[in-house]
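For reference, the chains in residue letters:
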Amino acid sequence: MTPRTSPLSRPVTIRRAVARDARRLTRLVRGSGAYAGQYAAAVAGYRVGPDYIEAHRVFVAVGAEEDGGRVLGFYSLVLAPPELDLLFVADEAQGRGIGRLLVAHMRSEARAARLDRVRVVSHVPAEDFYHRVGAVRTGIVPANPPAVPWDRPEFEFRISAA
């Protein structure tokens, strides 16, 4: 898939992540305001490494020159079994439609890979976002202490044929 520019007020390009993005993606995950307070432990030692980027379909949303060309968000699509493993938008870039743009791109990638559905185990504060972008709630994933001491909502994106 070729990079695309969004119809947002400031252009955003989505491109495939490369190994040199690993540190930036790790900082984005660890610095996410959605994981502050009680959720901080879940991402404290999290690392998005070059090996992860190589193994999965990881895409980044990159801002235009006025954003300094920096990474504004990213997602990771795991093909087997099909799962949206990671989806993060930088705190300062939220509310600009970047998450919606990343989900649309993920759906396109899933369709190209001939997937008919993609599972998402959501972070509790992201539940409303997934509803708004068309995911269907399918259940709850029980807590898995000590790594994740809370239940998480489970969703599914149904991927229609082109």
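The rules behind these values
- One numbering rule holds for all chains: residues counted from 1, following each sequence as written.
- The predicted origin of the model limits local features to residues at a pLDDT of at least 70 and limits the giving and counting of side-chain atom pairs to 80 or more, whereas totals for whole chains, interfaces and linings rest on all residues.
- To obtain the side-chain values, all non-hydrogen atoms of the structure were used and water was disregarded.
- Secondary structure elements follow DSSP: runs of H or I no shorter than four residues count as helices, runs of E no shorter than two count as strands, and numbering proceeds from the N terminus.
- Note on exposure labels: buried denotes an accessible area under 20% of the residue type's maximum, exposed denotes more than 50%, and partly exposed covers the range between, all computed with a 1.4 Å probe on protein chains only.
- For accessible areas, the Shrake-Rupley method is used with a probe of radius 1.4 Å. Any residue's cover is judged against the shown protein chains and nothing else.
- In this analysis, the protein atoms alone were mapped onto a 1 Å grid. Cavities are point sets where a 1.4 Å probe fits without being able to get out; pockets are open sets with protein on both sides within 12 Å along at least five of seven lines; lining residues have an atom within 4 Å of a point.
- Grid points are joined across faces, edges and corners, and a volume is the space filled by probe spheres set on the points.
- We call two N or O atoms a polar contact when they sit within 3.5 Å, provided that within protein one can donate a hydrogen and the other can accept it, with sequence-adjacent residues counted only if both atoms are side-chain atoms.
- Throughout, a residue-residue contact means that at least one pair of heavy atoms, one from each residue, lies within 4.5 Å.
- A pair of Phe, Tyr and Trp rings is counted when the ring centres sit within 6.5 Å of each other, with Trp represented by its six-membered ring. The angle between the planes then sorts it: under 30 degrees is stacked, over 60 is edge-to-face, the rest tilted.
- A pairing counts as a salt bridge when a side-chain nitrogen of Lys or Arg comes within 4 Å of a carboxyl oxygen of Asp or Glu.

**Structural notes on the overall build of the protein**
Scanning the protein from N- to C-terminus turns up 4 helices and 8 strands. Beginning at the N terminus, the succession of helices and strands in the protein can be written as β-β-α-α-β-β-β-α-β-α-β-β. If one aligns the C-alpha atoms of the protein with their principal axes, the spans along those axes are about 40 × 35 × 30 Å. Burial statistics for the protein: of 162 residues in total, 44% are counted as buried. Here the protein has roughly 8,600 Å² of accessible surface; of this, 51% comes from carbon and sulfur atoms.

**Notes on unusual backbone geometry**
Residue Pro 81 is bonded to the preceding Ala 80 through a cis peptide linkage, with omega at -10°. As for its placement among the helices and strands, Pro 81 is situated in the loop between β4 (71-78) and β5 (83-89). Going from Pro 145 to Pro 146, the amide bond is cis rather than trans, its omega being 5°. Considering the arrangement of structural elements, one finds Pro 146 in the loop between β7 (136-141) and β8 (152-158). With a phi angle near 65°, Arg 114 is a residue other than glycine that sits in the positive phi range. Within the secondary structure, Arg 114 is located in the loop between α3 (98-112) and β6 (117-121).

**Points about the layout of surface pockets**
Approximately 890 Å³ is the volume found for the largest pocket. What lines the largest pocket is a set of 35 residues, among which Tyr 35, Leu 87, Phe 88, His 123 and Ala 126 lie closest to the centre. If you list the elements that add at least two residues to the lining of the largest pocket, you get β5, α3, β6 and α4 (127-132). Broken down by element, the residue count for the lining of the largest pocket peaks at 7 residues, all from β5.

**Concerning the side chain of Glu 154**
Along the chain, the position of Glu 154 falls in strand β8. Given the relative accessible area of 16%, Glu 154 is considered buried. At 2.4 Å, the side chain of Glu 154 and the side chain of Arg 119 are in polar contact. If sequence neighbours within four positions are ignored, Glu 154 has contacts with Arg 119, Val 120, Val 136, Arg 137, Thr 138, Gly 139, Ile 140 and Val 141.

**Some remarks on the packing of aromatic side chains**
Here the distance between the centres and the angle between the planes together describe a pair of aromatic rings. Per the stated rule, a full pass over the model turns up 7 aromatic pairs. Ring geometry for Phe 59 versus Tyr 75: centroids 5.4 Å apart, planes at 20°, classification stacked. With Phe 59 in strand β3 (residues 57-63) and Tyr 75 in strand β4, this residue pair connects regions lying 16 residues apart in the sequence. Overall, the relative accessible area of 4% leaves Phe 59 in the buried class. With relative accessibility at 0%, the residue Tyr 75 sits in the buried group. Taking 5.8 Å as the distance between ring centres and 35° as the angle between the ring planes, the aromatic pair formed by Tyr 130 and Phe 155 counts as tilted. Placement of the pair is Tyr 130 in helix α4 and Phe 155 in strand β8, with a sequence separation of 25 residues.

**What to know about the pattern of salt bridges**
Applying the stated criterion across every chain, the model contains 11 salt bridges. Across the salt bridge formed by Arg 47 and Asp 51, the nearest N and O atoms sit 3.9 Å from each other. Summarising the burial analysis for this pair, Arg 47 and Asp 51 share the class exposed. For Asp 116, the salt bridge identified is with Arg 117, shortest N-O distance 3.8 Å. We classify Asp 116 as partly exposed; its relative accessible area is 48%. Residue Arg 117 is classed as partly exposed on the basis of its relative accessible area of 38%. Connected via shared salt-bridge partners are Asp 116, Arg 117, Glu 156 and Arg 158.

By themselves, these are just geometric observations and shouldn't be taken as functional.
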